[in-house]
Amino acid sequence: MHVSREGKEILKGVNLKTGPGEVHAIMGPNGSGKSTLAYTLLGHPKYQVTKGDILLDGESILKLKPDQRAKKGLFLGFQYPTEVSGVGYSHFLRTSYNALSKALQGDDREVFITVREFQKYLKGNLKRVGLPDEFLSRYLNEGFSGGEKKRSEVLQMAVLKPKISILDEPDSGLDIDAVQSVAKAISEVSTRDSAVFVITHYARILKYLNKLDFVHVFAKGRVVKTGDASLADELEKKGYDWITKELS
Ligand SMILES: Nc1ncnc2c1ncn2[C@@H]1O[C@H](COP(=O)(O)OP(=O)(O)OP(=O)(O)O)[C@@H](O)[C@H]1O
Ligand SMILES: [Mg+2]
């Protein structure tokens, strides 16, 4: 797919595919187009697909709005989550969960009749990502620290149970313990037949994942190399220069 923003071409022919339970890492230098890919997959209105398509189970989702894509099972954990004052955190999660449950079917989607039941489910998930229960009475992302915002994005993924998750730098700004619990939460999601894309600059979070099927390297709006988990270690040792040299 080719993608432009405000008339400037940013993605220049990216081709990726995934299947149930697959875990992919996307690495690459600043400005190489990783977040652009994430936004485009979820339908950010400023990104135009000028060539190519996005197929989910063989059907194009290009014409669908972000909420419709979410109802097809797509999820994005933002690199820079937005603070939404006035929107209660637990209300947001419950409303989202119910909206998705109407659209998505699956054995793992419990029906929570009461608010209390849902709160219990949320508390279990807060624990997994190391956030205190009092977050439930806060506004979405408002005043969350950098690391808390990241934990919260991963919590949303764990709670909402999407089919395909794209996590844009879930490990940036996290303390050492949090990297491990976030990786554990990601691994649990991928054992449910869901696919996960982890955009990251560091091999560390990837080491904590139970499995990692592919590592893709982005440069200048393209996937320039795909390998297995060992590619992440190689990148950490050698940087990106050798890949761009290999290509030129
Ligand atoms: N409106 C715009 N006009 C021109 N260039 C833009 C515009 N929006 C984004 N870009 C450029 O698109 C490129 C890709 O940005 P993107 O955020 O996808 O990179 P990234 O790989 O996620 O980087 P990082 O690792 O720093 O998060 C950058 O060079 C950015 O400056
Ligand atoms: Mg980015």
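Our subject is the structure listed above.
The following refers to the structure shown. (Residues numbered from 1 in each chain as written. Chains lettered and ligands numbered in written order. Predicted model: local features only at pLDDT ≥ 70, side-chain atom pairs only at ≥ 80, totals over all residues. Heavy atoms only, no water.)

### Overview of the overall build of the protein chain
Inclusion rule: Numbering of helices and strands runs from the N terminus, with a helix taken as a DSSP run of H or I at least four residues long and a strand as a DSSP run of E at least two residues long. Atoms counted for the radius of gyration: C-alpha only. Globule rule: 2.2 Å times residue count to the power 0.38. A 1.4 Å probe rolled over the protein chains alone gives each residue an accessible area, and that area as a share of the maximum for its type sets the label: buried under 20%, exposed over 50%, partly exposed in between. Residues count as neighbours in contact if any of their non-hydrogen atoms are within 4.5 Å of one another. To measure how exposed things are, a 1.4 Å probe is used in the Shrake-Rupley method; for residues, cover is taken only from the protein chains shown. Residues scored as charged are limited to Lys and Arg (positive) and Asp and Glu (negative), so that His and the chain ends carry no count. Throughout, a charge is located at the NZ atom of Lys, the CZ atom of Arg, the CG atom of Asp or the CD atom of Glu.
Along the protein chain, the regular secondary structure elements total nine helices and 13 strands. Taking 2.2 N^0.38 as the reference for a compact globule, 248 residues should give roughly 18 Å; the C-alpha atoms of the protein chain span a radius of gyration of 18 Å, in line with that estimate. For the protein chain, the spread of C-alpha atoms along the three principal axes comes to 60 × 40 × 35 Å. Within the protein chain, buried positions represent 46% of all 248 residues. At a minimum sequence separation of 6, the contacts of the protein chain that also span at least 24 residues come to 69%. Just so you have it, the protein chain exposes about 12,700 Å², and 51% of that area is on carbon and sulfur atoms. One way to put it: in the protein chain the 37 positive side-chain charges average out to a point 3 Å from where the 31 negative ones average out.

### A look at the pattern of salt bridges
Spelled out, the test is: Salt bridge, as applied in this entry: a Lys or Arg side-chain nitrogen positioned within 4 Å of an Asp or Glu carboxyl oxygen.
Counted by the stated rule, this structure contains nine salt bridges. Arginine 151 is paired through a salt bridge with aspartate 175; the nearest N and O atoms lie 3.0 Å apart. Placement of arginine 151 in helix H5 (residues 146-160) and of aspartate 175 in the loop between strand S10 (164-168) and helix H6 (176-190) is noted, with a sequence separation of 24 residues between them. Here aspartate 213 and lysine 211 are joined by a salt bridge, their closest N and O atoms 2.9 Å apart. On the accessibility criterion, lysine 211 (37% relative accessible area) is partly exposed.

### Describing the nonpolar core
Applied cut-off: For this analysis, a nonpolar core means a set of buried residues of the types Ala, Val, Leu, Ile, Met, Phe, Trp, Tyr and Cys, connected via side-chain atoms within 4.5 Å.
Tyr89, Phe118, Val159, Ile186 and Leu206 are the most contacted members of the largest nonpolar core, which has 48 residues in total. When residues in this core are grouped by element, the largest group, seven residues, is from H6. Leave out the neighbours within four places in its chain, and leucine 206 touches Ala25, Met27, Val198, Thr200, Leu212 and Ala232. Among the nonpolar cores identified, the runner-up in size contains 21 residues, and Val3, Ala38, Leu41 and Ile199 belong to it.

### Looking at the packing of helix H3 (residues 89-103) against H5
Quick reminder of the rule: Axis geometry follows a simple rule: fit a line to the C-alpha atoms, using only the stretch in contact for helices, then measure angles between N-to-C directions, giving values from 0 to 180 degrees. We call a crossing left-handed when the near helix sits turned anticlockwise from the far one by less than a right angle, and right-handed when that turn is clockwise. Put simply, Ala, Val, Leu, Ile, Met, Phe, Trp, Tyr, Cys and Pro go in the nonpolar bin, Asp, Glu, Lys and Arg in the charged bin, and everything else, Gly too, in the polar bin.
Close contact between H3 and H5 brings their axes to 10 Å; oriented N to C, the two are set at 35 degrees. The handedness of the crossing between H3 and H5 is right-handed. Residues Tyr89, Phe92, Leu93, Ser96, Tyr97 and Leu100 of H3 lie in contact with H5, whose contacting residues are Ser152, Leu155, Gln156, Val159 and Leu160. Grouping the constituent residues of the contact of H3 with H5 by class yields eight nonpolar, three polar and no charged.

### Here's the deal with the site of ligand 1
Convention followed: Only heavy atoms are used to decide nearness, and a residue is near a molecule or strand if one of them lies within 4 Å of it. Distance and chemistry together define a polar contact, namely a pair of N or O atoms within 3.5 Å, with one atom able to donate a hydrogen and the other to accept it when in protein, and with adjacent residues in sequence counting only for side-chain atoms on both sides.
The full set close to ligand 1 counts 15 residues, and Glu6, Asn30, Gly31, Lys34 and Thr36 are the nearest of them. Between an oxygen atom of ligand 1 and a side-chain N or O atom of asparagine 30, the distance comes to 2.9 Å. Serine 35 places a side-chain nitrogen or oxygen 2.9 Å from an oxygen atom of ligand 1. Within the complex, 67% of the 660 Å² of free accessible area of ligand 1 lies under protein. Elements with a minimum of two residues in the shell around ligand 1: strand S2 (8-12) and helix H1 (34-42). Sort the elements by how many residues they give to the shell around ligand 1 and H1 lands first, with three residues. Here the residues of the shell around ligand 1 sort into two nonpolar, eight polar and five charged.

Purely geometric stuff here, so don't read any function into it on its own.
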